[in-house]
Structures are given as C-alpha cells and as structure tokens.
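Structural overview for review
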Amino acid sequence: MATLLTPSRKTTATGPAAGATGGESGGESGPTLALPARIALAALRLLVAWTFIWPFLDKLFGLGFSTPSAKSVLNGGSPTEGFLLHGTKGPFAHTFDSVAGAGWLDLIFMTGLLGIGLAFLLGIGTRIAAASCALMMGFMWLVTMLPATNPLTDDHWILAVGGAVVATTAAGNHFGLGRAWRRTALVRRYRFLI
C-alpha cells in the first residue's frame, strides 16, 4: 500500500511568499502529501461543495427532486418553511416554527448554501465556509435530533467534520484555487480568509 506522506521538505522562503510552499503559517517544514492523499482531499472538498450547491439549485429552480417547480424560490416558494414545519422531529422539532418561511431566514439559508458550496468548490475561503457549514449542520441536526437509525449522529455531523477537514488540511490547494488565493494581498493580511 502506498504511503500517504512523502518525506519532509524544508522551505527557506520567508515573508508572504513562504506560504506558497510551506505549512499553514508559511515557511515551516512538514510532510508533503502524496498524490493519492491530495486526490482524496480534493474529492472530499468537491463532495462537500456539491452537497451544498445541489440543494441551492434545486430550491432556487425547483428541479423536482426535493423541491417541485411550483415551490421554487423563483416561483415565490420558501426554502425553509416546509422543512421547519413538517420535516423536523425530536425535542427541538418545533422550536423554530415561528420563523419558518421568514424572508430573512430564507435569504440566510440560500446564501449559506451557495456561499459554502462555492467556497469549497473553488477551494477558497474554506475556514469561513467550514465554520458556516458546522453552524448550519448544527442547527439542522438540532431540529432533526434523534434520528430513527442512530440516536446521536447522522450525516449532519459527517458533513460538519468533512468541512473542517477540508479547511484544516489546505484541501483547496489540491486541484483548486487555494494556493493562488493564499497569495493575494487580502488573504496575506487577513489570514482567517484562507
């Protein structure tokens, strides 16, 4: 079985350019991921991205999978109303009934789906995307708590952890725009934008 790590590489660059080849903060030596690991991280990043982009598209256009055309956002439908009023269960199932279908919540939800999806798709802004992903999945888990097949965990947790893995392993650098994004003046100044 092939190893997932190759020997450490020392980087001697300093300053803003150091982050292009070194570790997270730039200029550090550390293991370099082998091609199979880079491919796996890129695949995870793209799977997480599509998990957010698809419901955005389905809810916006009503593609007929979970959202019929008549209930699409473009036809005046609410992406949160049906789920919050009819798709929840557990001790917090009706906690959010009063905001189901609220315009501000619909906007936040759709913006979150698109923003998280695009960030992971492109491999940029993955830290903010991972935090947003965890927050969204936490709320969704809260209102669907106690699934029938497992009383504690479900795919919401897997998605939240997958987003964290993408953000903490620089997965956007692998077959994405992450490396170029890290070199921009904006990201060099505000590292949380990585």
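The structure this text deals with has already been given above.
Source: prediction; values computed, not measured.

The rules behind each value
Residues numbered from 1 in each chain as written. Predicted model: local features only at pLDDT ≥ 70, side-chain atom pairs only at ≥ 80, totals over all residues. Heavy atoms only, no water. Helix = DSSP H or I, 4+ residues; strand = E, 2+ residues; numbered from the N terminus. Expected span 1.5 Å × (residues − 1). Buried < 20%, exposed > 50% of the residue type's maximum accessible area, 1.4 Å probe, protein only. Arc of directions from axis to C-beta. Contact = heavy atoms within 4.5 Å. Patch = residues over 30% accessible without salt bridge, like charges linked within 9 Å, V, L, I, M, F, W, Y side chains within 5 Å. Areas by Shrake-Rupley, 256 points an atom, 1.4 Å probe, with all protein chains shown as cover. Salt bridge = Lys/Arg side-chain N within 4 Å of Asp/Glu carboxyl O.

Regarding helix α5 (residues 155-168)
Its 14 residues place the ends of α5 20 Å apart at the C-alpha level, agreeing with the 20 Å of an ideal helix rising 1.5 Å per residue. Those residues of α5 that fall on the buried side of the exposure criterion are His156, Leu159, Ala160, Gly162, Gly163, Val166 and Ala167. Buried residues of α5, viewed axially, fall in a sector of 160 degrees; they line one side. Among the exposed residues of α5, those oriented more than 90 degrees off its buried face are Ile158, Val161 and Thr168. Lining the buried residues of α5 we find α1 (35-61), α3 (103-122) and α4 (126-143). Positive phi appears at Ala170, one or two residues downstream of α5, with a value of about 55 degrees.

A closer look at a nonpolar patch on the surface
On the surface, Leu46, Leu118, Leu121, Leu122 and Leu177 cluster together to form a nonpolar patch covering roughly 390 Å² of accessible area. Within the fold, Leu122 resides in helix α3. Since its relative accessible area comes to 34%, Leu122 is described here as partly exposed.

Keep in mind that these numbers describe shape and distance, not what the molecule does.
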